[in-house]
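Observations on chain architecture
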Amino acid sequence: STGRHRDHMGNEIDEQPAVARRVLDVFTPGIADGRLWGGAGLPPLDEIDRVTILGCGTSLHAGRAVAGVFSRLGGLPTRTLVASEAAHEVWEPRTLVIALSQSGETADVLRALDGLPERDRTLLALTNNPSSTLARRADAVLDCLAGPEIGVAATKTFIAQVLTGACLALSGLSASARADGLAIDGDLRALAATPDALAAALDAWRGRAAELATEFVTSPGFLFLGRGSGLVYAAEGALKLKELSYRWTEHQPAGELKHGPLALVDAGTPVFVVDNGDPRLEVDVAEIHARGGRVLRVGERVLTVGGLPLHLPRTGPSWGPLETVVPLQMFARELALRLRRDVDKPRNLAKSVTVA
Ligand code: F6R
């Protein structure tokens, strides 16, 4: 791809606001009247008892974010499955199965679907490749419109999958009695603000990601924390950093710190905290500070009142603080560059994993 960086990944990170704009331009007009949902050929949500979402790696994380829209906003029983562990699943009737795969060729995903019964369920493929094996096997296909992604590490396709999945879920919920109209309005406003939020995160972190990467270039490990809707972004940040830098990373629900992972925190330990506005994160941050850990917050919304910072709790969208993934991607790339890793082609990994 063309852009300011010599590597594809840097350019694909930069493309994310434009990708978000494209996805929203295409899909948001079909939300309010349920046209996106119906047009995809899906049965009305009121005829569905549960949603099962599956994928691997970054696509699984995108699926977890999308699951938040069905469950938090629609109260619909929704679970996410690690596709590589789903071979012996028991599939219940009236299930909507959403398989997320950038390539549409991931063998673990295809194999997980081998056990899916032919009848009384609907399979939707959410993919960046509408002519893939996965798309051919599905009852309905949604192209996430990210455009070709060359870097092995998924970046812009993650953004595209989350937004496409959120638009789809909102469309299904708009035409169903399940969701609360007010909550949908809030999510629609959040969708519209997303391209600018992604662009603002890029601008805010360009220098900072580079500085932090220099500061932590010798750190052997990194912890990523979040709560609720922020957790998937902590997981995605940890995945990106390990695959690019080959450093050990771990992600945890912040509430689990005191049940074990806090033992990892020592003077100078870098701890990324994904802020979704949950006020309990302030206590988690204080715990890390008390052990000398270095808290690296992403997504904080700080206002100052009389010169003092005021952390405002906010209720974010049902898919969580999507823009927080941008600084985490940028940091992973910057650290990898300093360690002289090939950011477009991390060792041991392939763009499309066609063996299960
Ligand atoms: C991480 C990454 C992988 C893929 C995973 C699934 O950056 O790229 O974790 O997300 O192998 O691939 P797809 O989405 O093609 O099924």
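Just above, that's the structure.
Throughout this document, residue positions are counted from 1 along each chain, in the order its sequence is written. Local features in a predicted model are, by the rule used here, given only for residues with pLDDT of at least 70; side-chain atom pairs are given and counted only at 80 or more, and totals for whole chains, interfaces and linings are based on all residues. For the side-chain quantities, the full set of heavy atoms in the structure was used; hydrogens and water were omitted.

1. Some remarks on the pairing of strand β9 (residues 294-298)
- Where burial is concerned, most of β9 is hidden: four out of the five residues are buried.
- Traced from strand β8 (residues 270-274) through helix α10 (residues 281-290) to β9, the parallel crossover comes out right-handed. Each residue's exposure class comes from its accessible area (1.4 Å probe, protein chains only) as a fraction of the maximum for that residue type: buried when under 20%, exposed when over 50%, partly exposed otherwise. Working definition: helices are DSSP H or I runs of at least four residues, strands are E runs of at least two. Numbering for both runs from the N terminus. Here a crossover is taken to be right-handed if, once the strands point away from the viewer, the path from the first strand over the helix to the second is traced clockwise.

2. Some points on the site of the ligand
- Residues are labelled near a given molecule or strand when at least one of their non-hydrogen atoms is within 4 Å of it. Lining the immediate environment of the ligand, one finds 13 residues, of which Ser59, Ser101, Gln102, Thr106 and Glu243 sit closest.
- Two N or O atoms count as a polar contact when they lie within 3.5 Å, although within protein this holds only if one can serve as hydrogen donor and the other as acceptor, and sequence-adjacent residues are included solely when both atoms are side-chain atoms. Threonine 58 has a polar backbone atom sitting 3.1 Å from an oxygen atom of the ligand.
- Contact between the ligand and serine 103: an oxygen atom at 2.7 Å from a side-chain N or O atom of the residue.
- Per-residue accessibility takes into account occlusion by the displayed protein chains alone, with areas from the Shrake-Rupley method and a 1.4 Å probe. Starting from 410 Å² of accessible surface for the ligand in isolation, the protein chains cover 89%.
- A cavity here means a set of points on a 1 Å grid, drawn over the protein atoms and nothing else, where a 1.4 Å probe fits but cannot get out; a pocket is an open set with protein on both sides within 12 Å along at least five of seven lines, and a residue lines either one if it has an atom within 4 Å of a point. Any molecule with more than half of its atoms within 2 Å of a cavity's or pocket's grid points is counted as sitting in it. A majority-of-atoms criterion places the ligand in the largest pocket.
- Going through the elements one at a time, α4 (57-74) and α9 (231-245) are the ones with two or more residues in the shell around the ligand.
- Element by element, the count of residues in the shell around the ligand is highest for α4, at three residues.
- Throughout, the ten residues Ala, Val, Leu, Ile, Met, Phe, Trp, Tyr, Cys and Pro are labelled nonpolar, Asp, Glu, Lys and Arg are labelled charged, and all others, Gly among them, are labelled polar. Looking at side-chain class alone, the shell around the ligand contains four nonpolar, seven polar and two charged residues.

3. Let's talk about the layout of surface pockets
- Grid points are joined across faces, edges and corners, and a volume is the space filled by probe spheres set on the points. A volume near 600 Å³ is recorded for the largest pocket.
- Lining the largest pocket we find 28 residues, and of these Cys56, Gly57, Thr58, Ala350 and Val353 sit closest to its centre.
- Of all elements in the fold, only α4, β3 (95-101), α5 (107-114), α7 (156-174) and α9 reach the threshold of two or more residues within the lining of the largest pocket.

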